Structures are given as C-alpha cells and as structure tokens.
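Here's the letter readout for the chains.
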Amino acid sequence: MSDFILDAINEAELTLDCVEAGEDVYACTLASPRGRMKRRMTMKAGHGAPSIGEFLFYFAVIAQLADEAEDITDWAEIHGKDLSAPNVVNEFTQLVTDQRDLEIVMGTHAYDGMMAGLGISQAIGNAMPR
C-alpha cells in the first residue's frame, strides 16, 4: 500500500467494515469521526473483501475523475461520453457524490493530502521508463 494512502487512513482515523452482499460483491462502510460512506464494491473472483487501502485508493481515483472537469459537459467531452445516452448523467452525478462523500468522511486536510499524493505517485509512475 502506498505511503500517501496509509498516511490518509491514519490522519483521517478511517475504518472499513465490509460484508458479503453477493458473489464477489461487498457492502462496505468507510467511517471516521466525521461520518460514514457506504458503497458496494465488486472484487475480482476469489479476491475476498477489499482492504481499506484498496477501497480508499479506488475512491481516490474516482474523486480525481470528478475533479478533472469543470462540469458535466467538460467531463463528457474528456471521456467521450454522449450526454443524451442513458445513465451518463447518473454516472457523473455518482462521481461527484462519491468525491463529496469521501472528502466529508476524511476531512478536507487529509483528503487534500491524499489527492496530492495520488497526483505525485501518478506523475512519478508516468515518468518511469517502460
């Protein structure tokens, strides 16, 4: 697990509780002294429940997708989405909801630090020779 994820878990005092909700599907609650975020997560067959690091990393990337666009039109253009297609507006709305809920549960300081760490980690990964 990346240091920036561990730091965020510790700073925000996060806990994760997951219960099986179907085959390879888990109903998870990310909690802190500031609140709770309940989401379902589908894992690769045989993996088991997500760890708190896996859960947090996944939703940090989701939050990053929500943050990269000014609005739904900009987001649709970036990702090649047709706004008239079924569920596209719902998909964007869920991204924004996930981002907002994650920031509330973590607190702004821990959330901002984690997102900065994610950006730095991705930049380093992209700069590495392949």
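Residues numbered from 1 in each chain as written. Predicted model: local features only at pLDDT ≥ 70, side-chain atom pairs only at ≥ 80, totals over all residues. Heavy atoms only, no water.

Take the overall build of the protein next. Within the protein, the secondary structure is distributed over five helices and three strands. Along the protein, helices (α) and strands (β) appear in the sequence α-β-β-β-α-α-α-α when read from the amino end. Its C-alpha atoms give the protein a radius of gyration of 16 Å, near enough to 14 Å, the size a compact globule of 130 residues would have. With the C-alpha coordinates of the protein rotated into their principal frame, the extents come out at 40 × 35 × 35 Å. Considering the protein as a whole, with its 130 residues, one finds that 37% of them fall into the buried category. For the protein, restricting intrachain contacts to residue pairs at least 6 apart in sequence, the fraction spanning at least 24 positions comes to 47%. When the accessible surface of the protein is summed, it comes to about 7700 Å², and 52% of that surface belongs to carbon and sulfur atoms. Charged side chains in the protein number 9 positive and 21 negative. The centres of these two groups are separated by 6 Å. (Helix = DSSP H or I, 4+ residues; strand = E, 2+ residues; numbered from the N terminus. Rg over C-alpha atoms; globule rule 2.2 N^0.38 Å. Buried < 20%, exposed > 50% of the residue type's maximum accessible area, 1.4 Å probe, protein only. Contact = heavy atoms within 4.5 Å. Areas by Shrake-Rupley, 256 points an atom, 1.4 Å probe, with all protein chains shown as cover. Lys, Arg positive; Asp, Glu negative; His and termini not counted. Charge placed at Lys NZ, Arg CZ, Asp CG, Glu CD.)

This brings us to the sheet that holds strand β2 (residues 25-32). The strand order β1-β2-β3 describes an open sheet built from three strands, whose pairing is antiparallel. Looking at the sheet topology across the chains shown, the edges are occupied by β1 (15-22) and β3 (35-42). On average, each strand axis in the sheet is inclined to that of its neighbour by 20°, with strand direction left out of account. Here β2 runs beside β3; their pairing, made up of eight bridges, is antiparallel. Across the sheet, the residue bridging to Ala-31 is Arg-36, located in β3. Lying over the sheet, helix α4 (residues 88-106) contacts β2 and β3, oriented at roughly 135° with respect to β3. (Pairing = 2+ DSSP bridges. Axes fitted to C-alpha atoms, helices over the stretch in contact; angles between N-to-C directions.)

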